[in-house]
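What follows is the residue order along each chain.
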Amino acid sequence: MGVKEIITLISVLLLLFPSTVKPRAVGGAQPAGSAQSAGGAQGGAQGGAPGGGGGGTLDVVAQFGAKADEQTDLSQPLLNAWKEACASPAPSKIVIPAGTFLLSRAVLEGPCKGPVDIQVQGTIKAPPDPSHFKDDNWILFNHIEGFTMSGGGIFDGQGALAWSKNDCHKNKKCTLFPINIRFNFLTNAYIHDITTKDSKQFNVNVLGCKNITFEHFTVTNPEHSLNTDGIHIGRSDGVTILHSEIKTGDDCISLGDGSKNVVVNGISCGPGHGISIGSLGKFQGEEPVAGIKIANCTITNTMNGVRIKSWPASYPGTASDMHFEDITMDNVSNPIIIDQQYCPWNQCDLKNPSRIKLSNISFKNIRGTAAGKEAVKLFCSAGFPCEGVELADIDLTYTGPDGPAISQCSNVSPKLSGKQNPPICAAPAPTSPGGQAGPAKASPGGEASPGGKASPGATA
C-alpha cells in the first residue's frame, strides 16, 4: 500500500472516528485538540457564545492574547477567535497579524452561522519534531460553507527532520507525518495569496469539497522532500487552481478517485513529479474521475510532466474527459505518460491488467524539451484498452547522446493531428513499464476509497 493511499484512508477514518488523543502542548500553552480547545471549536460550530457574535474583525493578538514570539502556542487564541466568528450570523474576519507564531495544532470546525474570512499576514510554524504529532494532521478546516483565506501569510511545516525519517518507500508500516493544511468538506471556498512550505507530508489535501478555488497560491518544498505533494484532490467536485507556483518533492498537483470538474490553469510546476491523475484502482469502490482540464502550465525539471496512472490487477473503475492543453515542458523526464501498469517498488501483480477504463483523453499543443529519450509513453490496459485518445500538435525534443526523442504505445490507437514530434506510437512498448514514474505516495485524504476510506496511494 502506497503512502498516498494510506494517508487518504487515515484522513477519512479520522473524520468518521475523531481521535481522542490529546496532542502534546508546546510552549506551556494548552494544546489544540484538548478538551477545552475542542469544546471551543465545537461550540463555535454549534453557535458559540450565547446569542452569537456580531461579526467584524477579530485580531488574535489584540483581542485573544496571541504572541508572535515563536514560543507561545497560537492554538487556543485561534480557536477562541474561530468560536466567536463561527457563531456570528454576520460576516467575520479573523486576523493573524505580521510576526512569527508557533501553532501546535488546530481543528477549525463548521458549520458556521455566517461567512468567515481568515487573513493570515504573518508566518505560522509547526513544531519541527514529528514525534509531537499523534496523527497526520496539523491544520484542519472541516464542514464550512462560504470560507475565504488570504493575506500573504505563510504556513511553515518545518519538515526537514521528518524528511530524514521518511522510510515509506521501503516500510509498509511507516509513520505518516502531518499534512500542512486539510480542507475537508468545504463548500464555496476561496483561498488566495497564501504560501505553504516545508510540509512534513502533503502540503494541502482537499477532500469532499464542492466549489473550492486556489489562486496565487504558493507551495515551496525542496526536491528531496518525500511525499510532499503540493495540492492533492480527492472526492471533490468543482476544484479550481489558478495562477499558482508549486515547487516540491512529489506531484505538484495530484488527483485521486472521485475528482470531478477540476480546472488547473496557469500553474508553474517544478521541481517535483509533475501533474498526475491517480494512481487509480487500488481500492474497491473508488469513485469515477471525470471532467479534468489542465491548461496553460509550465513544467520544469520534473520527473514527469502530465500523467494518468492506474494499478495493474486493479479494482474496476473509470476515468474520462481528461484534457491537457497548451503546456510547456522544460527538461522533463516523462513529458506525456499514461501508465496502466503503475507499479512502484515492484510490489504488485503485473500478470493481470488494470481494470480502470480510460476514455476521452486529449493532449494538445504540448511542446518543449524532454530530459529522457522516451518523451511520450501511452501504456494502456490490455484488458480495457484506452478509448478516444487524441494527440495534436506535440513538439518535444531530446538532445541526449542516445538519439532523438521517441514514443512508445500499447493497447491504444490514438487520433493524431498537427505536428507529431516524436512520431507517436512508432516504437513498441516494453513488456513491463510499471514503476518508471517513481515511488508511491500516501494519499493524505484526497482519494477516499469506498465506504469513506481514504485511498492512500493516489499519486507517486
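The preceding data block contains the structure.
Please read all numbers here as calculations on a predicted model, not as lab measurements.

What counts and what doesn't
Residues numbered from 1 in each chain as written. Predicted model: local features only at pLDDT ≥ 70, side-chain atom pairs only at ≥ 80, totals over all residues. Heavy atoms only, no water. Disulfide = S-S within 2.5 Å. Helix = DSSP H or I, 4+ residues; strand = E, 2+ residues; numbered from the N terminus. Buried < 20%, exposed > 50% of the residue type's maximum accessible area, 1.4 Å probe, protein only. Salt bridge = Lys/Arg side-chain N within 4 Å of Asp/Glu carboxyl O. Phe/Tyr/Trp six-rings, centres within 6.5 Å; stacked < 30°, edge-to-face > 60°. Lys NZ or Arg CZ within 6 Å of the ring centre and 35° of its normal. 1 Å grid on protein atoms, 1.4 Å probe; cavity = no way out; pocket = protein on both sides within 12 Å on 5 of 7 lines; lining within 4 Å. Points joined across faces, edges and corners; volume = space filled by probe spheres on them. Nonpolar A, V, L, I, M, F, W, Y, C, P; charged D, E, K, R; others polar. Core = buried A, V, L, I, M, F, W, Y, C linked by side-chain atoms within 4.5 Å. Contact = heavy atoms within 4.5 Å. Polar contact = N/O pair within 3.5 Å; in protein donor to acceptor, adjacent residues only side chain to side chain. Expected span 1.5 Å × (residues − 1). Pairing = 2+ DSSP bridges.

Attention now moves to the state of the cysteines. Under the definition given, this model contains 4 disulfides. Paired through a disulfide, C409 and C425 show a sulfur-sulfur distance of 2.1 Å. Where C409 bonds to C425 through sulfur, the torsion about that S-S bond is close to -85°, and the disulfide is left-handed. Of this pair, C409 sits in strand β28 (residues 406-410) while C425 sits in the loop between β29 (415-421) and β30 (427-428); the two residues are 16 residues apart in sequence, bridging distant segments of the chain. Classification of C409 by relative accessible area gives buried; the value is 13%.

Attention now moves to the pattern of salt bridges. Note on pairing: side chains with opposite charge can pair once their charged atoms come close. Inspection of the entire model under this criterion finds 13 salt bridges. E287 serves as the salt-bridge partner of R235, at 3.5 Å between the closest nitrogen and oxygen. Remark: E287 occurs in the loop between β20 (275-280) and β21 (289-300) and R235 occurs in the loop between β14 (231-234) and β15 (237-242); sequence separation between them is 52 residues. Of the residues examined, E287 reaches a relative accessible area of 33% and is grouped as partly exposed.

So, on to the packing of aromatic side chains. Within this structure, the stated rule accounts for 8 aromatic pairs. Pairing W138 with F155 gives two aromatic rings, centres 6.5 Å apart and planes at 80°, and the pair type is edge-to-face. Residue W138 is found in strand β7 (residues 137-142), and its partner F155 is found in strand β9 (residues 154-156); the two are separated by 17 residues along the sequence. Each of the two residues, W138 as well as F155, counts as buried. Centroid distance W311 to Y342: 5.2 Å. Interplanar angle 75°. Geometry classified as edge-to-face. In this pair, W311 sits in the loop between β22 (306-310) and β23 (317-332) while Y342 sits in the loop between β24 (336-339) and β25 (356-370), placing the two residues 31 residues apart along the sequence. Exposure remark for Y342: the relative accessible area of 1% places this residue in the buried category. Here the aromatic cluster, defined as three or more aromatic residues joined through ring pairs, consists of W82, F141, F147, F183, F214 and F217. Over the ring of W311 we find K282; its NZ or CZ atom is 4.2 Å from the centre of that ring.

The next thing to look at is empty space enclosed by the protein. A complete count under the given rule lists 4 cavities of 30 Å³ or more for this structure. What the second largest cavity holds in volume is close to 60 Å³. Lining the second largest cavity, in full, are L78, I96, L103, L108, I118, V120, I124, I139, F141, M149 and F155. Of the residues assigned to the lining of the second largest cavity, the class counts are 11 nonpolar, no polar and no charged.

Now for the nonpolar core. The biggest cluster of nonpolar side chains holds 94 residues, and the ones touching the most others in it are F141, F183 and F363. F363 has contacts with V306, F324, I336, I338, L378, E390, L391, A392 and I394, leaving out every residue within four places of it along the chain.

Let us now look at the environment of D129. Along the chain, D129 turns up in the loop between β6 (123-125) and β7. Look at D129 and you get partly exposed, because its relative accessible area is 34%. Residues D129 and K200, spaced 71 residues apart in sequence, show a C-alpha to C-alpha distance of 9.7 Å. Not counting chain neighbours up to four residues away, the residues in contact with D129 comprise L161 and K200. At 2.9 Å, the side chain of D129 forms a polar contact with the side chain of S131.

With that out of the way, let us pick up helix α3 (residues 75-86). Taking 1.5 Å of rise per residue, 12 residues should cover 16 Å, and α3 covers 16 Å from first to last C-alpha, within 8% of that figure. Of all the 12 residues making up α3, 9 are buried; the element is thus mostly covered by neighbouring parts of the structure.

Moving on to the pairing of strand β4 (residues 106-109). Along β4, one buried face is formed by A106 and L108 and the opposite face, lined by V107 and E109, is buried too. When β4 meets β7, the two strands line up parallel, connected through 4 bridges. Its bridge partner being in β7, V107 is matched across the sheet by L140.

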